[in-house]
Amino acid sequence: MNTSGHAADDVRAPGLRLSPFRGLRYVPERVGSLAAVTSPPYDVVVRPDGLHELESADPHNIVRLILPQAITAGTRHRKAAVTLDRWLADGILAPDPEPALYVYEQRGDGLLQRGLIGALELSTPAEGIVLPHEDVMPHVVEDRAALMRTTGANLEPLLLTYRGDGDGAGAVIDRVAEREPLLATTTEDGFQHRLWAVTNPADLTAVATELARHQALIADGHHRWATYLRLREEHAVPGPWNHGLVLLVDTARYPLRVRAIHRLLNRLPVADALAAVGDSFRVTRLDGSLSAAQQALAAATSEGNAFVLAGDGSFHLLDRPDPDLLARTIRADRPEAWRTLDATVLHSTLLDHVWRIPDAPEDIAYIHDTRAAVEQAERRGGTAVLMHPVKEEVVRDLARQGVTMPRKSTSFGPKPATGLVLRSLALD
């Protein structure tokens with residue numbers, strides 16, 4: 001990393017190493033508004049109408065880089081690279097004058113979150129510095145790798161959490177947040193976003209000293225972290241590919257919210273799903289609203305594994321699975337906390353054994369928004385499987401044991417808005 005001149009670079013330790021970088025940011029005078037060019041992370045923009053809405057918000061919306069539209073994958077990635085180069089040439093995006101860490105704040109819906117955006121030195125799960133908690137899908141990693149490789153950029157930060165034990169980084173964040181920000185905007189969801197640069201050598205040293213004592217949990221971005229590691233392997237010589245863009249949040253100070261990620265079974269009608277379940281689960285038809293169905297799911301999951309199926313205009317609660325069926329279909333060589341996860345039971349018992357549905361994009365879609373999952377299931381004649389969120393302490397405990405959960409088991413938030421700061425590897 002080209003971060004010479006910063007005292008933080010002198011710190012060497014086995015923990016987290018977050019380096020300053022020259023952020024690429026939108027030039028406010030060249031775009032309609034900063035809010036109009038931002039987007040949720042690429043995997044949250046799941047609906048075609050949502051993608052179209054973002055593209056229409058501003059001709060320079062970041063989705064044109066993170067989700068470029070073209071017939072073939074190769075064409076999409078080249079289109080993103082050409083677009084990025086054009087925006088740089090036209091002054092739509094411009095690099096900051098010097099390397100920095102960035103304090104990032106989100107405020108809204110009764111929540112305040114602050115963290116640090118920087119270029120984190122990469123490490124494998126075996127090193128125990130950055131802990132994944134979910135499996136990844138190879139085709140998604142390949143797509144993200146091709147996009148990053150072609151653009152030569154980290155277009156959106158991953159969300160990582162750690163548990164701070166001092167006031168080093170926290171004191172720096174709070175002190176910096178009292179200054180005038182580099183940017184401030186409010187997105188359509190009502191969240192306020194602010195960003196500050198940290199360039200003072202003493203502040204960088206204080207941050208580096210504390211982070212060197214910690215490990216981090218990947219809260220959001222497993223596929224992008226796997227992508228970072230793949231690209232590092234492709235570039236054997238030490239350099240910018242040894243680092244990846246992340247947002248680090250101390251959840252001892254700023255706890256995240258954990259939500260579920262739902263499954264949309266594109267080719268399985270609800271009637272067929274219920275018929276296949278038979279008496280292996282208790283099935284209860286729920287009368288009422290989506291909110292009432294979610295409440296019933298929360299109550300049922302407090303006593304064991306439970307799911308809600310939707311897509312036929314009604315809601316159906318599945319709970320009290322047959323213990324013998326679970327024993328036959330779930331691996332015995334994993335911790336009890338993993339064996340009893342709803343996501344484990346869903347994938348090992350229902351998807352693999354009862355419904356026999358392959359975990360392929362044409363068969364299963366992963367959707368964060370509950371209402372969107374139900375609406376898409378009804379529109380496609382498929383089945384939405386609604387999940388209840390996992391507690392953060394369960395996720396962290398399994399990650400520390402080196403046990404990964406089934407992919408897309410959790411959704412930590414709030415997620416960082418994409419488009420506020422990018423990282424070009426050519427500048428490092």
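The structure we're discussing is the one just above.
Note that this is a predicted model, so its numbers are computed, not measured. (Residues numbered from 1 in each chain as written. Predicted model: local features only at pLDDT ≥ 70, side-chain atom pairs only at ≥ 80, totals over all residues. Heavy atoms only, no water.)

(A) Local environment of the sheet that holds strand β19 (residues 383-386). If you walk across this open sheet you meet the 6 strands as β15-β17-β16-β19-β14-β18, and the pairing is antiparallel. Two strands in the sheet have a free side with no partner beyond their single neighbour: β15 (282-286) and β18 (364-367). Ignoring strand direction, the axes of neighbouring strands in this sheet form an average angle of 25 degrees. Both strand β14 (residues 262-265) and β19 contribute to a ladder of 3 bridges, which runs antiparallel. Bridge pairing in β19 links leucine 264 to alanine 384. The sheet contacts of helix α9 (residues 270-277) involve β15, β16 (306-310), β17 (315-319) and β19, and relative to β17 the element is tilted by about 25 degrees. Its contacts with the sheet place helix α13 (residues 342-354) against β14, β16, β18 and β19, and it is angled at close to 60 degrees to β16. (Pairing = 2+ DSSP bridges. Helix = DSSP H or I, 4+ residues; strand = E, 2+ residues; numbered from the N terminus. Axes fitted to C-alpha atoms, helices over the stretch in contact; angles between N-to-C directions. Contact = heavy atoms within 4.5 Å.)

(B) Just the pattern of salt bridges, in detail. For the structure shown, the criterion picks out 23 salt bridges. Between arginine 144 and aspartate 143 there is a salt bridge, and its shortest N-O distance comes to 3.1 Å. One continuous salt-bridge network, built from bridges that share partners, spans Glu105, Arg107, Arg114, Asp174, Arg194 and Arg253. (Salt bridge = Lys/Arg side-chain N within 4 Å of Asp/Glu carboxyl O.)

(C) Seen up close, the pairing of β16. Most of β16 sits inside the fold, with 5 of its 5 residues counted as buried. Burial along β16 is two-sided: Ala306, Val308 and Ala310 and Phe307 and Leu309, pointing in opposite directions, are all buried. Strand direction decides the pairing type here: β16 and β17, joined by 5 bridges, are antiparallel. The partner of valine 308 across the bridge, within β17, is leucine 317. In this structure, the hairpin formed by β16 and β17 is closed by a connection of 4 residues, where glycine 311 is found at a positive phi of approximately 140 degrees. By the bridge criterion, 3 bridges tie β16 to β19 in an arrangement that is antiparallel. Looking at the pairing, leucine 309 lines up with valine 385 of β19. (Buried < 20%, exposed > 50% of the residue type's maximum accessible area, 1.4 Å probe, protein only.)

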